[in-house]
Amino acid sequence: MNCDLAQENIVLAVYGELPDDRAHQLEQHLAQCERCRQEMEAVEGLQKAMAVVPVIEPSPSLVARARLRLDEALDAMPHGGFILRRWQSFRRGFGRLQSAPVMASALLLAGLGAGGWVGYHEGLRTAAKQIAAKPAAPAPVPVLADLDASQIVGVSSITREPDTENVKVRFSRMVPETAFGTLDDPQIRQLLLLGVRNAMNPTVHNDSVDLLAHECQNGHGCNGGPIRGALMVALRYDKDAEVRSKALAGLEPYIAIDTRVRDAILEALLKDPDPGIREKAIGLLTPVEADSSVRDVLHTVATRDQNPQIRNVSRQYLEQVALQ
Amino acid sequence: MPADALRFLPPARPSSARPRLQSGMATRTAGPVRENLAETDLIREAQAGSRTAFDTLVRQYDQAVLRLAMHLTGSEQDAQDIQQEAFLKAYRYLGNFRFECSFYTWIYRIVTNLCLDHLRRRKARREDQAVMIDSQGEEMDLLTNVSDDRSGANPARELERKYLGQRIRAALEELTPRERMVFELKHYQGLRLRTIGEMLNTTEETAKNTLFRATKKLRAKLAELR
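Residues numbered from 1 in each chain as written. Chains lettered and ligands numbered in written order. Predicted model: local features only at pLDDT ≥ 70, side-chain atom pairs only at ≥ 80, totals over all residues.

Visitor: Whenever I open this one, the overall build of chain A confuses me. Can you help?
Guide: Check the secondary structure of chain A and you find 13 helices and two strands. Counting only residues that meet the buried cut, chain A has 23% of its 324 residues in that class. For chain A, restricting intrachain contacts to residue pairs at least 6 apart in sequence, the fraction spanning at least 24 positions comes to 55%. (Helix = DSSP H or I, 4+ residues; strand = E, 2+ residues; numbered from the N terminus. Buried ≥ 20, exposed ≤ 12 C-beta atoms within 10 Å, placed from the backbone. Contact = placed C-beta atoms within 7 Å.)

Visitor: Which parts of the structure should I look at to understand the packing of helix H10 (residues 259–271) of chain A against helix H12 (residues 292–304) of chain A?
Guide: Residue and element names in this part refer to chain A. One can describe the packing of H10 onto H12 by two numbers: an axis separation of 10 Å at closest approach and a directional angle of 5 degrees. Taken together, H10 and H12 sit at an angle that is classed as roughly parallel. Across from Leu266, Leu269 and Leu270 in H10, the residues of H12 making contact are Ser293, Val294, Val297, Thr300 and Val301. Among the residues forming the contact of H10 with H12, the class breakdown is six nonpolar, two polar and no charged. (Axes fitted to C-alpha atoms, helices over the stretch in contact; angles between N-to-C directions. Parallel < 35°, antiparallel > 145°, perpendicular 65-115°, else oblique. Nonpolar A, V, L, I, M, F, W, Y, C, P; charged D, E, K, R; others polar.)

Visitor: I keep staring at the nonpolar core and nothing clicks. Help me out?
Guide: What tends to happen in soluble globular proteins is that the nonpolar side chains get buried as a cluster. In this structure, Val65(B), Ala69(B), Val111(B), Val182(B) and Ile196(B) are the most contacted members of the largest nonpolar core, which totals 59 residues. At 12 residues, helix H2 (residues 51–73) of chain B tops the list of elements feeding residues into this core. Leave out the neighbours within four places in its chain, and Ala69(B) touches Asp78(B), Ala79(B), Ile82(B), Gln83(B) and Cys115(B). In this structure, Cys216(A), Cys222(A), Leu251(A) and Tyr254(A) belong to the second largest nonpolar core, which totals 37 residues. (Core = buried A, V, L, I, M, F, W, Y, C linked by C-beta atoms within 7 Å.)

Visitor: Even after reading the chapter, I still don't get the confidence of the model for chain B, so can you show me in this structure?
Guide: Detail in the predicted coordinates should be disregarded across regions flagged by low pLDDT. Residue and element names in this part refer to chain B. Confidence in the prediction of chain B, expressed as mean pLDDT, is 79, and 70% of residues score 70 or more. Low pLDDT, under 50, characterises residues 143–151; the stretch is placed with 10 contacts to residues that sit more than four places away or in other chains. This complex was scored by the predictor with a pTM of 0.50 and an ipTM of 0.74. (pLDDT = per-residue confidence, 0-100.)

Visitor: Whenever I open this one, the environment of Ile310(A) confuses me. Can you help?
Guide: Residues and elements named next belong to chain A. Positionally, Ile310 belongs in helix H13 (residues 308–323). Ile310 sits 34 residues away from Gly276 along the chain, and the two C-alpha atoms are 9.0 Å apart. When sequence neighbours within four positions are dropped, the list of residues in contact with Ile310 reads Pro275, Arg278, Glu279, Val301 and Asp305.

Visitor: Explain the packing of helix H4 (residues 103–125) of chain B against helix H6 (residues 177–188) of chain B to me, please; I cannot follow it from the model alone.
Guide: To characterise two packed helices, one gives the angle between the axes of the helices and the distance between these axes. Residue and element names in this part refer to chain B. Put simply, H4 and H6 touch, their axes get as near as 9 Å, and they point 135 degrees apart. Regarding the angle of H4 to H6, the classification is oblique. Judged by the sense of rotation from one axis to the other, the crossing of H4 with H6 is right-handed. Here H4 contributes Thr112, Cys115, Leu116, Leu119, Arg120 and Lys123 to the contact with H6, which in turn contributes Pro177, Arg178, Arg180 and Met181. The class makeup of the residues in the contact of H4 with H6 is five nonpolar, one polar and four charged. (Left-handed = near helix turned anticlockwise from the far one by under 90°.)

Visitor: What exactly am I supposed to notice about unusual backbone geometry here?
Guide: Trans is the common state for peptide bonds, and a negative phi is the common state for residues other than glycine. Phi at Asp163(A) is positive, roughly 65 degrees, even though this residue is not glycine. The phi angle at Phe99(B) is positive, at roughly 60 degrees, despite the residue not being glycine. Assignment of secondary structure puts Phe99(B) in the loop between helix H3 (76–93) and H4.

This is the structure:
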């Protein structure tokens, strides 16, 4: 080893980056080279000098302030992130959305068409009986100006005014409404629970599960039935693994206090087709790992799960439990 | 030379310099498999739009980022700005993260780039940051954080250390931004050269050579003081 190389190795050694064999060679060189020994001292001296400008741990108040600022900035972000993702999920849902207005207007036309057809034949019959001129038809009820086909949910009845070509069609229309509120608001929660049941619109369904899970994770009053129940159902039956994952996360705070939740998670561990979910489920079982039913399931999973990593993790878990 | 003298130890630094980055996670007693899994899930959830998940990720790293930025820039305000910009960028571009490296490396890459920008701007403006400034613009007394039982009893020595501190900061300022960055990450933050290379989008070899240049320059500068 020559001195140039030795001097580089000295720097590496002082920073703990010199491999052992090179460290050994450096030792040998230093034993014989005064100049490099001095170099070594100089580098060590530099280390000590740099310590005069120490790394300071940020104060808790600085950290808190920085976090607050960041939170506000994230909330205020105008583009990208949120809107981009909403646009992307809207585009995904658009394909499904596109068929809906077509169906609704087809329904309306079918209803009107059926009514018209029945009315026509009725009219033929009465016209055959009556030869007298009919009085002028009364001015027809003006057709609703903005009959938006996408809002109509169904035609419930059709009545024909006798001796005229007037037809009365009763139908129902969806009235879109908007509710604003916080996640604590019971009205909002009720709407979200309904949103969970929306099988037609996966975005709504997923968002509802997400928000409810978020509430439960943060302990915002998910006590009592419906929300926890909705999450358990989502965990068991939802086809989308991401949704199941969110539901699982939302149930976490309740594992230790609610045996139904614990059992739901154990069931997920045994039956969920997605290995990621199964692994996550294992991770959540920490507070109740001493339960015999939990250990039984872990034993089963440790031997029978298809995924080797999961088998491994369960075995590790059982060993940990055994050591306690 | 006794064998002991050649036991190379990395420079001593406070134990808080390399915190366990998983301290932000919940109270699980987790093995490495489960922790990495948990972070991967978090990232995926954040990528899917969960702000909660993103916030959790931020909490795991923001303190370390602040610490680095504070020491590099010497200013609490600048450190906050860098931290904020870094995580806003991370939020905006989270979709681009494809797990090709660790999230830690990815975040630090963003942070180091911002730090390099800051250093370049400062060099262009020739600002003198020989002392640390807190958010009120007051000079921070670095010595209050360095424990040395003897310094209190000897004001002359304290003054000397303060002077030395200023000279060292000045010497650090004379490094190129990249040299400063590599030195900061290696010496003060204790990262491995390989990681530093990844963060600066270069090789370990290049990082090594940059470190050599930095230490050479610093030694030359400090030799002038003696």
